[in-house]
Amino acid sequence: MTGRAKKAAAPKKKANGYKMPAPIATGEVIHDTTMKKKWRIGPSIGVGGFGEIYSACDHDSTPKGSNYPFVVKIEPHENGPLFVEKHFYIRNAKMEDITSFMKSKKLSSLGMPSYYGNGSHDYKGEKYRYLVLERYGRDLWSLFTESGRSFPAPTVFQIGLQMLDVLEYIHSRGYVHADIKGANILLGLKKGTENQAYLVDFGLATRVNDKEFKPDPKCAHNGTIEYTSRDAHLGVATMRGDLEILGYNMLQWLVGTLPWEKSLKQPKAVQEMKEAFMKSVKTSIAKLSGNVPDALIKFFEYINTLKPKEVPDYAKCRQIFETYLKSQGVTRNSKLVFTTTKKSKTSKTVNVDESDEEPLKKSPRKKADAKVVKKRIPKVKEASPEENGENEEPAESDKKKKAKRKSAEPSVLIKVKKPKLAPKATPPVKKNHTNMATQTSLEKRRSPRVVSFDSPISLIIGEKIPLKRSKENQKNTSADMFEDSFEEKKSKRKEKILLSDEEYTEKRVVKKKVTTVKPKGRSWKDAPTVMNGRSPPK
């Protein structure tokens with residue numbers, strides 16, 4: 001039928017079976033009929049396993065830049081997790097209830113998120129469920145990976161204390177979280193809440209079961225497999241299970257990885273490894289690399305004493321954590337530091353003569369800050385291959401000059417094997433003789449003597465003369481012409497002495513010549529046989 005809007009294509013399903021919402025345009029307005037408020041959607045800030053999270057603001061307000069004070073979690077109406085989370089917030093996230101709990105426990109802050117609205121919204125023919133919450137900062141998992149998969153121990157126990165407060169509040173309301181992990185713990189964004197961690201994502205939150213503890217195969221291994229408690233592996237979410245999940249997170253933050261992280265695709269194998277770990281906590285932690293304080297071992301051992309339906313002693317758990325923090329000179333309200341600062345012993349290496357060693361030994365400060373290195377014998381610099389034919393790489397300055405040279409020809413790296421030769425020392429300068437090897441370009445002058453090509457000197461310059469010459473050849477040489485410059489003895493070739501029979505590989509960059517093929521033009525052969533009455537040239 002004409003005039004009828006086409007229904008939008010159904011959103012794609014993820015591997016977990018949940019539909020993913022279609023992208024919602026920035027500026028879309030959603031209306032909360034219950035709270036009688038309107039919200040305007042901003043840019044997307046993340047995608048979860050069942051929906052998408054957008055920044056948001058009041059419809060009447062105009063946030064500066066990307067400073068949106070709220071977030072809206074959106075999922076297709078047929079999905080379930082946001083439905084569970086919405087009802088949890090409606091029942092347990094009222095400001096008066098949170099404030100009352102904080103006063104009873106004498107807390108200045110609590111990591112329980114604030115709830116602002118919920119409802120349903122139609123967008124392009126698809127019905128969505130949404131939930132409006134306060135916006136928070138970065139999550140602990142991203143900070144954990146950025147800091148080299150390790151948090152300082154005091155920071156771990158500070159976060160542990162804050163999570164204990166939130167868990168006590170949730171458990172007092174008759175719920176368990178069942179999915180505590182770094183990605184679900186966010187830092188405060190408002191001024192004054194930067195050091196407060198907030199526990200979010202209550203999609204797996206369930207009511208505490210008052211019935212007899214009985215495994216439920218349908219719910220077995222629920223949660224994030226790395227941190228799932230032993231009770232949750234059996235399909236039952238418990239309060240002691242929440243503490244156990246928190247303990248696994250703290251252990252990972254301290255040592256970097258958990259013992260069963262390589263077997264996450266086999267839930268039963270992970271379950272067995274956790275059972276073995278909790279049977280002998282002290283021995284299992286001793287096998288891990290990293291410094292794990294005894295306070296965490298005591299925490300795990302206390303969890304082992306709890307019965308499935310028993311309410312944990314949160315005060316005792318806080319005492320374990322606070323005692324450790326006190327020993328480190330840190331309080332629960334101290335600033336959270338996520339980067340491990342290791343004191344690196346920087347030592348300066350100083351090359352000194354033997355005469356300078358004694359003053360350094362007498363001064364204790366210099367002894368601590370510097371390492372005395374014995375006088376090194378300077379290496380004799382070998383001559384360049386162009387001058388003496390020795391096997392030495394060109395100087396770094398020469399390499400840089402060569403590297404700066406630009407050419408259209410590509411460079412090809414080749415390897416040349418050459419024997420190591422003894423360095424050739426430069427002979428002393430003869431009296432009244434100008435050494436051409438060390439002479440600068442300004443000092444070089446042409447010899448005033450003019451030698452013709454038919455002169456006997458051409459025998460020396462242009463031809464290879466054998467070492468042993470006859471008397472007639474010796475008479476024909478021009479040694480008498482240059483008696484002041486060199487003698488007959490100097491003309492004898494010295495044999496090069498090999499240091500060893502070993503060969504070393506020298507890498508040289510050779511410019512590869514590129515031949516460009518010019519496009520073939522029109523030839524006279526392409527023309528007709530007779531043109532203008534004449535035959536083409538042969």
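Here, the structure is the one placed above.
In this text, all values refer to a predicted model and were calculated from it rather than measured experimentally.

**Some thoughts on the overall build of the chain**
So, point 1. Helix and strand counts for the chain come out as 16 helices and 14 strands.
So, point 2. Out of the 538 residues in the chain, the part that is buried amounts to 35%.
So, point 3. Sequence separation of at least 24 residues holds for 64% of the intrachain contacts in the chain that already meet a minimum separation of 6.
So, point 4. Accessible surface for the chain amounts to roughly 36800 Å². Of this, 52% is attributable to carbon and sulfur atoms.

**Concerning the packing of aromatic side chains**
So, point 1. In this structure the tally under the stated criterion is 20 aromatic pairs.
So, point 2. Judged by centre distance (5.1 Å) and plane angle (85 degrees), the rings of Phe88 and Tyr175 are edge-to-face. Here Phe88, found in helix α1 (residues 81–92), pairs with Tyr175, found in strand β7 (residues 175–176); they are 87 residues apart in sequence, far enough to count as distant. There is no split in this pair, since Phe88 and Tyr175 are both buried.
So, point 3. An aromatic cluster of at least three residues, connected via ring pairs, comprises Phe157, Tyr248, Trp260, Phe277, Phe299, Phe300, Phe321 and Tyr324.

**Section: the pattern of salt bridges**
Note on pairing: side chains with opposite charge can pair once their charged atoms come close.
So, point 1. The final tally for this structure, using the stated rule, is 13 salt bridges.
So, point 2. The partner of Arg332 in a salt bridge is Asp165, and the shortest N-O contact between them spans 2.3 Å. Separated by 167 residues along the polypeptide, Arg332 in the loop between α10 (314–327) and β11 (348–351) and Asp165 in helix α4 (residues 153–172) bring together distant segments of the chain.
So, point 3. Given the relative accessible area of 23%, Arg332 is considered partly exposed.
So, point 4. A salt bridge links Arg318 to Glu168; the nearest nitrogen and oxygen atoms lie 2.1 Å apart. Residue Arg318 is found in helix α10, and its partner Glu168 is found in helix α4; the two are separated by 150 residues along the sequence.
So, point 5. A residue is classified by how much of its surface remains accessible, and Arg318, at 13% relative accessible area, is buried.
So, point 6. One network of salt bridges, in which partners are shared, links Lys105, Asp165, Glu168, Arg318, Glu322 and Arg332.

**A closer look at the pairing of strand β4 (residues 70–76)**
So, point 1. With respect to burial, β4 is a largely interior element, seven of its seven residues being buried.
So, point 2. Judged by which residues are buried, β4 turns out to be covered on both faces: Phe70, Val72, Ile74 and Pro76 on one side and Val71, Lys73 and Glu75 on the other are all buried.
So, point 3. Bridge count for strand β3 (residues 52–58) against β4 is five bridges, and the pairing is antiparallel. By the bridge assignment, Ala56 is partnered in β4 with Phe70.
So, point 4. One ladder, built from seven bridges, connects β4 with strand β6 (residues 126–134); its direction is antiparallel. Looking at the pairing, Val71 lines up with Leu133 of β6.

**Brief notes about the sheet that holds β3**
So, point 1. Ordered in space as β1-β2-β3-β4-β6-β5, the six strands form an open sheet in which the pairing is antiparallel. Among the strands making up the open sheet, the edge pair consists of β1 (29–32) and β5 (115–123). With strand direction ignored, the average angle separating the axes of adjacent strands in the sheet is 35 degrees.
So, point 2. Contacting β4, β5 and β6, α1 runs over the sheet at an angle of about 40 degrees to β6.

**Quick notes on the nonpolar core**
For soluble globular proteins, nonpolar side chains are generally found buried alongside one another.
So, point 1. Of all hydrophobic cores here, the largest spans 73 residues; its most connected members are Leu110, Met112, Trp253, Leu296 and Phe300.
So, point 2. Among the elements that make up this core, the one with the highest residue count is α4 (11 residues).
So, point 3. Ignoring any residue separated from it by four or fewer positions in sequence, one finds Met112 in contact with Phe88, Asn92, Ala93, Ile98, Tyr136, Val166, Tyr169, Tyr198 and Phe202.
So, point 4. One finds Ile24, Ile30, Ile41 and Ile74 within the second-largest nonpolar core, a separate group that totals 13 residues.

**Remarks on helix α6 (residues 239–255)**
So, point 1. For α6, spanning 17 residues, the distance from its first C-alpha to its last is 25 Å, which sits close to the expected 24 Å at 1.5 Å a residue.
So, point 2. At the N-terminal end of α6, a side-chain oxygen is found 3.0 Å from the backbone nitrogen of Gly241, two or three residues along, and the residue is Thr238.
So, point 3. Two residues or fewer after α6 comes Gly256, characterised by a positive phi angle close to 100 degrees.

**A short note on the pairing of strand β2 (residues 37–47)**
Each regular strand carries side chains that alternate between the two faces of the sheet.
So, point 1. Where β1 meets β2, four bridges bridge the pair, whose relative direction is antiparallel. Of the residues in β2, the one forming a bridge with Val29 is Arg40.
So, point 2. Linkage of β1 to β2, two consecutive antiparallel strands, is achieved through a turn of four residues, within which Lys36 is found at a positive phi near 55 degrees.
So, point 3. The pairing of β2 with β3 spans six bridges and is classified as antiparallel.

**With respect to the environment of Ser120**
So, point 1. Its location among the elements puts Ser120 in strand β5.
So, point 2. Classification of Ser120 by relative accessible area gives partly exposed; the value is 37%.
So, point 3. Separated by 87 residues in sequence, Ser120 and Thr33 place their C-alpha atoms 9.2 Å apart.
So, point 4. Setting aside its immediate chain neighbours within four residues, Ser120 contacts His77, Lys127, Tyr128 and Tyr130.
So, point 5. A polar atom in the side chain of Ser120 sits 3.1 Å from the side chain of His77.

**Topic: α1**
Three- or four-residue spacings in an α-helix give side chains the same orientation, since the helix completes a turn every 3.6 residues.
So, point 1. Spanning 12 residues, α1 covers 16 Å between terminal C-alpha atoms, matching the ideal 16 Å at 1.5 Å per step.
So, point 2. Listed as buried for α1 are Pro81, Leu82, Glu85, Lys86, Phe88, Tyr89 and Asn92. Looking straight down α1, one finds that the buried residues subtend no more than 165 degrees of arc, so they occupy a single side.
So, point 3. The elements touched by buried residues of α1 are β4, β5, β6, α4 and β7.

Rules of the game
- Residues numbered from 1 in each chain as written.
- Predicted model: local features only at pLDDT ≥ 70, side-chain atom pairs only at ≥ 80, totals over all residues.
- Heavy atoms only, no water.
- Helix = DSSP H or I, 4+ residues; strand = E, 2+ residues; numbered from the N terminus.
- Buried < 20%, exposed > 50% of the residue type's maximum accessible area, 1.4 Å probe, protein only.
- Contact = heavy atoms within 4.5 Å.
- Areas by Shrake-Rupley, 256 points an atom, 1.4 Å probe, with all protein chains shown as cover.
- Phe/Tyr/Trp six-rings, centres within 6.5 Å; stacked < 30°, edge-to-face > 60°.
- Salt bridge = Lys/Arg side-chain N within 4 Å of Asp/Glu carboxyl O.
- Pairing = 2+ DSSP bridges.
- Axes fitted to C-alpha atoms, helices over the stretch in contact; angles between N-to-C directions.
- Core = buried A, V, L, I, M, F, W, Y, C linked by side-chain atoms within 4.5 Å.
- Expected span 1.5 Å × (residues − 1).
- Polar contact = N/O pair within 3.5 Å; in protein donor to acceptor, adjacent residues only side chain to side chain.
- Arc of directions from axis to C-beta.

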